[in-house]
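What follows is each chain in one-letter form.
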Amino acid sequence: MKPVFLFGEPGGTEYLLILLVIVALVAIFWKKKVDVSTNWVQAFVDYQFSTQDFYTMLEELINKREMPSVKISRINYATEHMLSDRREYLRVGRKDSIYDICVAPFGTGSFVSYWYGEPRKTLKQLMRRVATTYIKNPDVHQIIDSFNNKTRYQYDTDSVFQLWVKDCINDAIEDIKTNKGIRVPMTDKV
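For the structure given in this document, a descriptive report is provided here. (Residues numbered from 1 in each chain as written. Predicted model: local features only at pLDDT ≥ 70, side-chain atom pairs only at ≥ 80, totals over all residues. Heavy atoms only, no water.)

**Things to note about the packing of aromatic side chains**
Test applied: Whether two aromatic rings pair depends on their centres lying within 6.5 Å, for rings of Phe, Tyr and Trp, where Trp uses its six-membered ring; planes under 30 degrees apart make the pair stacked, over 60 edge-to-face, and the rest tilted. What counts as a helix is a DSSP run of H or I of at least four residues, what counts as a strand is a run of E of at least two, and both are numbered from the N terminus. When accessible area is computed with a 1.4 Å probe and restricted to protein chains, residues below 20% of their type maximum are described as buried, those above 50% as exposed, and intermediate ones as partly exposed.
Within the structure shown, the criterion is met by eight aromatic pairs. The interplanar angle of 25° and the centroid separation of 5.5 Å between the aromatic rings of tryptophan 40 and tyrosine 114 together place this pair among those described as stacked. One end of the pair, tryptophan 40, is in strand E1 (residues 34-44); the other, tyrosine 114, is in strand E5 (residues 109-119), and 74 residues separate them in sequence. Owing to a relative accessible area of 6%, tyrosine 114 belongs among the buried residues under this scheme. On the numbers, 5.1 Å between centres and 85° between planes, the contact of tyrosine 77 with tyrosine 89 is edge-to-face. With a gap of 12 residues between them, tyrosine 77 in strand E2 (residues 70-78) and tyrosine 89 in strand E3 (residues 86-94) connect regions that are remote in the sequence. Linked through ring pairs, Trp40, Tyr99, Tyr114, Tyr116 and Phe161 together constitute an aromatic cluster.

**Brief notes about the side chain of asparagine 39**
For the record, the criterion: In protein, a polar contact requires one atom able to donate a hydrogen and another able to accept it; more generally it is a pair of N or O atoms within 3.5 Å, and residues adjacent in sequence count only if both atoms are side-chain atoms.
Mapped onto the secondary structure, asparagine 39 falls in strand E1. Classification of asparagine 39 by relative accessible area gives buried; the value is 9%. Within the structure, the side chain of asparagine 39 is placed 3.1 Å from the backbone oxygen of tyrosine 114, a separation counted as a polar contact.

**Quick notes on a nonpolar patch on the surface**
What counts is decided by this rule: Patch criteria: residues need more than 30% relative accessible area and no salt bridge. Like-charged residues are merged within 9 Å; nonpolar side chains of Val, Leu, Ile, Met, Phe, Trp and Tyr are merged within 5 Å. The Shrake-Rupley method, run with a 1.4 Å probe sphere, supplies the accessible areas, and residue values consider only the shown protein chains as cover. In the sections that follow, a salt bridge refers to a side-chain nitrogen of Lys or Arg positioned within 4 Å of a carboxyl oxygen of Asp or Glu.
Taken together, Val160, Leu163 and Trp164 make up a surface patch of nonpolar side chains, about 260 Å² in accessible area. Along the chain, tryptophan 164 turns up in helix H5 (residues 152-180). The class of tryptophan 164 is partly exposed, set by a relative accessible area of 33%.

**Considerations on helix H2 (residues 51-64)**
Stated formally: Expected helix span is given by 1.5 Å per residue-to-residue step, counting one fewer step than there are residues. What the arc covers is the set of directions going from the helix axis to the C-beta atoms.
Its 14 residues give H2 an end-to-end C-alpha distance of 20 Å, which sits within 8% of 20 Å, the value for a rise of 1.5 Å per residue. Among all positions in H2, only Thr51, Phe54, Tyr55, Leu58 and Ile62 are buried. Looking straight down H2, one finds that the buried residues subtend no more than 95° of arc, so they occupy a single side. Facing away from the buried side of H2 by more than 90 degrees, the exposed set consists of Asp53 and Lys64. Within two residues after H2, glutamate 66 carries a phi angle of roughly 50°, on the positive side.

**Focus: the environment of aspartate 96**
Looking at the secondary structure, you find aspartate 96 in the loop between E3 and strand E4 (97-106). Its relative accessible area of 29% is what places aspartate 96 among the partly exposed residues.

**Details of the nonpolar core**
The test is simple: Throughout this description, the term nonpolar core refers to a set of buried Ala, Val, Leu, Ile, Met, Phe, Trp, Tyr and Cys residues connected via side-chain atoms within 4.5 Å. Residues are treated as being in contact if the distance between any of their heavy atoms lies within 4.5 Å.
Counting 24 residues, the largest nonpolar core has Phe54, Leu58, Ile101, Val112 and Ile169 as the members making the most contacts within it. Of all the secondary structure elements, the ones that give two or more residues to this core are E1, H2, E3, E4, E5 and H5. At seven residues, the largest contribution of residues to this core is made by H5. If sequence neighbours within four positions are ignored, valine 112 has contacts with Trp40, Val41, Gln42, Phe44, Phe49, Phe54, Ile101, Cys102, Val103, Ile169 and Ile173.

**A short note on the environment of leucine 58**
With respect to the secondary-structure elements, leucine 58 resides in helix H2. Take leucine 58: its relative accessible area is 0%, and that puts it in the buried class. Residues leucine 58 and isoleucine 169, 111 residues apart in the sequence, show an inter-C-alpha distance of 6.5 Å. Aside from chain neighbours lying at most four places away, what touches leucine 58 is Leu90, Ile101, Cys168, Ile169 and Ala172.

**Things to note about the layout of surface pockets**
This is how the line gets drawn: A pocket here means an open set of points on a 1 Å grid, computed over the protein atoms alone, that has protein on both sides within 12 Å along at least five of seven lines. A cavity is instead a set of points where a 1.4 Å probe fits but cannot get out; residues with an atom within 4 Å of a point line either one. Grid points are joined across faces, edges and corners, and a volume is the space filled by probe spheres set on the points. Amino acids are sorted into nonpolar (Ala, Val, Leu, Ile, Met, Phe, Trp, Tyr, Cys and Pro), charged (Asp, Glu, Lys and Arg) and polar (every other residue, Gly among them).
The volume enclosed by the second largest pocket comes to roughly 150 Å³. Forming the boundary of the second largest pocket are Asn39, Val41, Ala78, Thr79, Arg87, Tyr89, Cys102, Phe111, Ser113 and Trp115. Of all the secondary-structure elements, those providing two or more residues to the lining of the second largest pocket are E1, E3 and E5. Ranked by residues supplied to the lining of the second largest pocket, first place goes to E5 with three residues. Looking at the lining of the second largest pocket residue by residue, the class counts come to six nonpolar, three polar and one charged.

So yeah, pure geometry; function would need other evidence.
Next comes the structure, spelled out in structure tokens:
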């Protein structure tokens, strides 16, 4: 049985179109991927509050710090699987550091969580894999590794960014606790 093609026999244009669709799908789904190094949760018992109000308050607190190169956006993650409902997270990023912050109801209460990590570096991972597989020259490995090296100043500013974003999250939580008189019995690293 001969395969049926949308545009007749496949030619260069069809293969290019298929390739572009695949690249677009990979770019759409891959750009959100973060290699997570830390997860933190604060639960509120018997109290629910507005996700959007919390995100707005947190954005204002972060913007007041005037940290250079910080980008704040909203991102959606699936709640269970790729086709399930989506949950909006507040993304706070600076260079190679990303916080994805979630505020959501849970049972009779709610929670605030964050996931901290770095964006996946597929090109760097691919270069490393190709180099270790096909190139036995240690000089090439050193060149690839040099792309990963940060200066002490870069480590320092990354650390300040991490501390300040965590401070802003804690300040927003304290504001909710103070203004609403809620008890918050559980803070836990997962």
